[in-house]
Amino acid sequence: MSVERSPGAVKPRLILVDDHRMFVDSLRDALAATYDIVGVAYSGGELLALLRTRSADCLLLDLQLPDRHGLELIPDVLALRPALMILIVTMFLDRCLAEAALTAGAHGFIPKDAGRDELQRAITEVLAGARYVSPRVPKTSHRTSLEALHPALQRLTPRQQAVFRLLGDGRTEAEIAHILCVSPPTITFHKQNIQRVLGFPTSALLAQYALLVRICLEERDNSAGAPRSGAKRRERPRGQPSP
């Protein structure tokens, strides 16, 4: 698909942000005929510095950057450039991440392996003021496992998944350690490994995402007429283990 423009029409201006230089080069080559690539950044810090001196119409933003997570960056980006449209381009086909990105202020969400036609369609729609979420991002799932919401969660060990679920319940490290009968430093170790696997640079972001996953699971259960998955956990007295 190509965007038809009258001769002499000004191309929409794009900024590309991803820490993989080969991917950025491929994006630039695919989009240069239709769009004006006015800037490239490979980290969150580079992006914010670029935005202080350069304006654009649309930002293509990866979530996993070396210094900051994309979800953290979105409010700072909009504070600098309130009119900038943000299209998340990520490797994760994750409904919760898509919802979190849109809630944070992004305008679209698309996987990295989408074809050029879909990418240009997404850019066109967000530039027109619409929201775009790739149809490949699952809307609902009959599965109730964590892996159904985030593909990377299947790489967590059973103990790490238990820690993740308890984080989603709002438990502190000390409470999780008591429930799982381990020491607090062990929980800290598990959290650091979970952050590494899921690509979250801070424990605060991990806790927010764990809460979002729990909410997504509850909403899905509610839509299916099932009991809320978190209800029993919230009613359970503190310090009591899960059944």
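See the structure above.
Fair warning: this is a prediction, and the values are worked out from it, not measured in the lab.

Peer 1: Any chance you could break down the overall build of the chain for me, citing the residues and the numbers?
Peer 2: The helix and strand inventory of the chain stands at 10 helices and 6 strands. Burial analysis of the chain (243 residues in total) assigns 47% to the buried set. Partitioning the contacts of the chain with sequence separation of at least 6, the portion at a separation of at least 24 is 60%. Accessible surface, the chain as shown: approximately 11900 Å² in total, 54% of it carbon and sulfur.

Peer 1: Quick rundown of the pairing of strand β2 (residues 36–41)? Include the residues and the values.
Peer 2: Relative to β2, strand β1 (residues 13–17) runs parallel, the two being bridged by 5 bridges. Pairing of L16 across the sheet is with V40, part of β2. Handedness of the crossover joining β1 and β2 through helix α1 (residues 21–31): right-handed.

Peer 1: If you had to explain the environment of E175 to someone new, which residues and values would you point to?
Peer 2: Residue position: E175 is located in helix α7 (residues 173–180). For E175, a relative accessible area of 23% gives the class partly exposed. Taking C-alpha positions, E175 is 9.8 Å from I187, a pair spaced 12 residues apart along the chain.

Peer 1: Summarise the environment of I123; cite the residues concerned and give the values.
Peer 2: Note on placement: I123 falls in helix α5 (residues 116–127). Residues within four places of I123 in sequence aside, it is in contact with L14, L31, Y35, L60 and L87.

Peer 1: Which residues make up the packing of aromatic side chains, and what values go with them?
Peer 2: Across all of its chains, the model carries 2 aromatic pairs by this definition. On the basis of an interplanar angle of 55° and a centroid distance of 6.2 Å, the ring pair of F164 and Y209 is categorised as tilted. Of the two residues, F164 sits in helix α6 (residues 158–168) while Y209 sits in helix α9 (residues 203–223), which places them 45 residues apart along the sequence. Taking the relative accessible area as the measure of exposure, F164 reaches 2% and is therefore buried. Under the relative-accessibility criterion, Y209 is labelled buried at 2%. Taking the centre distance of 5.1 Å and the plane angle of 35° together, the rings of F200 and Y209 count as tilted.

Peer 1: Tell me about unusual backbone geometry, residues and numbers included.
Peer 2: Despite not being glycine, C181 has its phi angle at roughly 60°, a positive value. Inspection of the secondary structure puts C181 in the loop between α7 and α8 (184–198).

Peer 1: For the packing of helix α3 (residues 70–80) against helix α4 (residues 95–104), give the residues involved together with the corresponding values.
Peer 2: Relative orientation of the contacting elements α3 and α4 amounts to 20°, with a least axis distance of 9 Å. Judged on the interaxial angle alone, α4 and α3 are roughly parallel. Here α3 and α4 pass one another in a crossing that is right-handed. Of α4, the residues touching α3 (which contributes L71, I74 and L78) are L97, A100, A101 and A104. Residues of the contact of α3 with α4, tallied by class, amount to 7 nonpolar, no polar and no charged.

Peer 1: Lay out the nonpolar core with the relevant residues and their values.
Peer 2: Counting 53 residues, the largest nonpolar core has L47, L61, F164 and L198 as its most contacted members. Per-element accounting of this core gives the leading share, 7 residues, to α9. L14, V24, L27 and L87 belong to the second-largest nonpolar core, a separate cluster that totals 20 residues.

Peer 1: Go over the pairing of strand β5 (residues 108–111) with me, naming the residues and quoting the values.
Peer 2: Taking every second residue as pointing to the same face, both faces of β5 are buried, with G108 and I110 on one and F109 and P111 on the other. Two strands pair when backbone bridges link them, and strand β4 (residues 85–90) and β5 are joined in this way by 4 bridges, in the parallel orientation. Bridging from a neighbouring strand, T90 pairs with P111 of β5. Taken together, β4, α4 and β5 constitute a β-α-β crossover, and its handedness is right-handed. For β5 and strand β6 (residues 132–133), the ladder comprises 2 bridges, and the chain directions are parallel. Of the residues in β6, the one forming a bridge with F109 is V133. The parallel pair β5 and β6 is bridged by α5, and the resulting crossover is left-handed.

Reading the values: rules and limits
- Residues numbered from 1 in each chain as written.
- Predicted model: local features only at pLDDT ≥ 70, side-chain atom pairs only at ≥ 80, totals over all residues.
- Heavy atoms only, no water.
- Helix = DSSP H or I, 4+ residues; strand = E, 2+ residues; numbered from the N terminus.
- Buried < 20%, exposed > 50% of the residue type's maximum accessible area, 1.4 Å probe, protein only.
- Contact = heavy atoms within 4.5 Å.
- Areas by Shrake-Rupley, 256 points an atom, 1.4 Å probe, with all protein chains shown as cover.
- Pairing = 2+ DSSP bridges.
- Right-handed = clockwise from strand over helix to strand, strands pointing away.
- Phe/Tyr/Trp six-rings, centres within 6.5 Å; stacked < 30°, edge-to-face > 60°.
- Axes fitted to C-alpha atoms, helices over the stretch in contact; angles between N-to-C directions.
- Parallel < 35°, antiparallel > 145°, perpendicular 65-115°, else oblique.
- Left-handed = near helix turned anticlockwise from the far one by under 90°.
- Nonpolar A, V, L, I, M, F, W, Y, C, P; charged D, E, K, R; others polar.
- Core = buried A, V, L, I, M, F, W, Y, C linked by side-chain atoms within 4.5 Å.

The values reported here are purely geometric and, on their own, carry no functional implication.
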